[in-house]
Amino acid sequence: MSDWFSETENWAFLVIAVPMVLAAFRAVTSRNVVHSVLFLVVALAASAALFLLLGAEFVAWTVVLVYIGAVVVLFLFGIMITRAPLGTETQLSHNYQTKIGAALVSGALFALITVTTVRGFGDANLTARPTRADEIGQSMFERFVIPFEVVSVVLLAALIGGIVLARRDPVDGDEAVR
Amino acid sequence: MMISQFIIVGAALFSLGVYGVLTRRNAVLVLLSVELMLAAVNINFVAFDVYVNDQIAGGQIFSLFIIAVAAAEVGIGLAIVLLIFRNRHSANVDELDLMKL
């Protein structure tokens, strides 16, 4: 274990991972909706930093652009449009019985994954190597070109579906809604 | 660095996402917890990609696909929440019991 602490990479890992877990915890427990979304930003930014630590630069910047840039803004819009109770509010979560049950379930899940992983992999080492964007591009447009096209169809379907669902149907004789 | 440390962090994030999905009443916050779970899966994918030193970077490509699908999911999910709010004047998941016997 003293070997583990002697590597600088592991200190960088701790500096990133500890705030990430704390921010994720606050994101699911905070009583203020907007604070919750802002803690999600911290957790996602830390996950982008972990990707940089692993050398996956393209994925890291994609997380910053797509998640922090677009998804979080969408969440803030969703909160404002549905008039979720702003400010401190007790009605945001279920009661104590549900919370205790959920804590048991998620704690058991965490213990299960941790025990199986540590028993399975032990202290197998991992050496980070920077992955250049051209390697990702080569692989995506040669080996993974069909999934890539399928994802483009999924995005198109989501675009059309979003417009169809969110648009207000014009009522007869009420042209102003149009 | 060890592979286990990344998987443990991913497991912590995933468990917190599960806790959020189970405890939150507001539908927007349930979607937010699902996003946390997807971020945890991404960490696992990239960590295993680096661990096996994949020549075609399969894990990283798949985490990119997950990001794309997550963006689509949030778009559609929020549109549905908006529609529910418009019809029922509430976005709380425990008040949506129309299909209950």
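Please read all numbers here as calculations on a predicted model, not as lab measurements.

Caption draft 1: Spotlight on the overall build of chain B. Check the secondary structure of chain B and you find three helices and zero strands. The linear arrangement of helices and strands in chain B, starting from the amino end, is α-α-α. Projecting the C-alpha coordinates of chain B onto the three principal axes gives extents of approximately 50 × 25 × 20 Å. For chain B, buried positions account for 62% of its 101 residues. Counted over contacts in chain B with a minimum sequence separation of 6, partners at least 24 positions apart contribute 58%. For chain B, the accessible area works out to roughly 3800 Å², and carbon and sulfur atoms hold 69% of it. A distance of 15 Å separates the average location of the 5 positive side-chain charges in chain B from that of its 7 negative side-chain charges.

Caption draft 2: Quick look at the nonpolar core. Counting residues in each nonpolar core, the largest one holds 70 residues, and the members touching the most others are Phe13(A), Leu50(A), Phe51(A), Phe75(A), Phe6(B) and Leu13(B). It is helix 2 (residues 27-51) of chain B that provides the largest number of residues to this core, a total of 12 residues.

Caption draft 3: How the structure looks around the interface of chain A and chain B. Listed as interface residues are 85 residues of chain A and, on the opposing side, 68 residues of chain B. Where chain A abuts chain B, roughly 7000 Å² becomes buried across the two surfaces, and 77% of that area is made up of carbon and sulfur atoms. In terms of surface lost to chain B, no three residues of chain A exceed Val28(A), Phe75(A) and Leu126(A), which account for 10% of the buried area on that side. In this structure, the connection of chain A to chain B is made through zero salt bridges. Our enumeration of links across chain A and chain B arrives at 13 residue pairs in polar contact (both at pLDDT 80 or more). Among the elements that make up the side of chain A that touches chain B, the one with the highest residue count is helix 5 (residues 96-121) of chain A (13 residues).

Caption draft 4: Region of the structure containing the layout of surface pockets. Within this model, the largest pocket holds a volume of roughly 380 Å³. In terms of lining, the largest pocket is formed by 22 residues, of which the most central are Leu74(A), Val74(B), Gly75(B), Ile76(B) and Leu78(B). Where the lining of the largest pocket is concerned, the elements lending two or more residues are helix 4 (57-81) and helix 7 (145-166) of chain A together with helix 3 (58-88) of chain B. Taken together, the residues of the lining of the largest pocket break down into 18 nonpolar, four polar and no charged.

Caption draft 5: Layout of helix 2 (residues 8-29) of chain A. Between its first and last C-alpha, helix 2 of chain A extends 32 Å over 22 residues, near the 32 Å set by a 1.5 Å rise per residue. For helix 2 of chain A, the full list of buried residues reads Asn10(A), Phe13(A), Ile16(A), Ala17(A), Met20(A), Ala23(A), Ala24(A), Ala27(A) and Val28(A). Along the axis of helix 2 of chain A, the buried positions cluster into a sector of 165 degrees, meaning they face one direction only. Turned more than 90 degrees away from the buried face of helix 2 of chain A sit Thr8(A), Val15(A) and Leu22(A), all of them exposed. Those residues of helix 2 of chain A that are buried lie in contact with helix 1 (2-6) and helix 3 (33-54) of chain A together with helix 1 (3-23) and helix 2 of chain B.

Caption draft 6: Spatial organisation of the side chain of Ser30(A). Relative to the assigned elements, Ser30(A) resides in the loop between helix 2 and helix 3. With relative accessibility at 2%, the residue Ser30(A) sits in the buried group. Those residues in contact with Ser30(A) that lie beyond four places of it in its chain are His35(A), Ser36(A), Leu92(A) and Arg24(B).

Caption draft 7: Region of the structure containing empty space enclosed by the protein. Across all of its chains, the model carries one cavity of 30 Å³ or more by this definition. In this structure, the largest cavity occupies an estimated 70 Å³ of space. What lines the largest cavity is simply Thr127(A), Arg129(A), Thr131(A), Asp49(B), Val50(B), Asn53(B), Asp54(B), Ala57(B) and Gln60(B). Class assignment for the residues of the lining of the largest cavity results in two nonpolar, four polar and three charged.

Caption draft 8: Focus on the confidence of the model for chain B. Overall, the predicted model of chain B reaches an average pLDDT of 89, with 100% of residues at or above 70. Within chain B, the lowest mean pLDDT, 90, falls on helix 3 of chain B, and the highest, 93, falls on helix 1 of chain B.

Caption draft 9: Up close: the environment of Phe13(A). Structurally, Phe13(A) is set in helix 2. Residue classification places Phe13(A) among the buried residues on the basis of a relative accessible area of 3%. In this structure, the C-alpha to C-alpha distance between Phe13(A) and Leu53(A), residues 40 residues apart in sequence, is 7.6 Å. Not counting residues within four places of it along the chain, the set of residues in contact with Phe13(A) comprises Trp4(A), Leu50(A), Leu53(A), Gln5(B), Phe6(B) and Val9(B).

Caption draft 10: Spatial organisation of the packing of aromatic side chains. Residue and element names in this part refer to chain B. Per the counting criterion, the structure on display carries nine aromatic pairs over all chains. For the ring pair Phe 48 and Tyr 51, a centre distance of 6.4 Å and an interplane angle of 80 degrees mean the geometry is edge-to-face. Residue Phe 48 and its partner Tyr 51 are both found in helix 2; the two are separated by three residues, about one turn of the helix. Here Phe 48 falls in the partly exposed class, since its relative accessible area comes to 27%. Aromatic pair Phe 62 and Phe 65: ring centres 5.7 Å apart, planes at 80 degrees, arrangement edge-to-face. Of the two residues, Phe 62 and Phe 65 both sit in helix 3, three residues apart, roughly one turn of that helix.

Rules of the game
- Residues numbered from 1 in each chain as written.
- Chains lettered and ligands numbered in written order.
- Predicted model: local features only at pLDDT ≥ 70, side-chain atom pairs only at ≥ 80, totals over all residues.
- Heavy atoms only, no water.
- Helix = DSSP H or I, 4+ residues; strand = E, 2+ residues; numbered from the N terminus.
- Buried < 20%, exposed > 50% of the residue type's maximum accessible area, 1.4 Å probe, protein only.
- Contact = heavy atoms within 4.5 Å.
- Areas by Shrake-Rupley, 256 points an atom, 1.4 Å probe, with all protein chains shown as cover.
- Lys, Arg positive; Asp, Glu negative; His and termini not counted.
- Charge placed at Lys NZ, Arg CZ, Asp CG, Glu CD.
- Core = buried A, V, L, I, M, F, W, Y, C linked by side-chain atoms within 4.5 Å.
- Buried area = accessible area lost by both parts, 1.4 Å probe.
- Salt bridge = Lys/Arg side-chain N within 4 Å of Asp/Glu carboxyl O.
- Polar contact = N/O pair within 3.5 Å; in protein donor to acceptor, adjacent residues only side chain to side chain.
- 1 Å grid on protein atoms, 1.4 Å probe; cavity = no way out; pocket = protein on both sides within 12 Å on 5 of 7 lines; lining within 4 Å.
- Points joined across faces, edges and corners; volume = space filled by probe spheres on them.
- Nonpolar A, V, L, I, M, F, W, Y, C, P; charged D, E, K, R; others polar.
- Expected span 1.5 Å × (residues − 1).
- Arc of directions from axis to C-beta.
- pLDDT = per-residue confidence, 0-100.
- Phe/Tyr/Trp six-rings, centres within 6.5 Å; stacked < 30°, edge-to-face > 60°.

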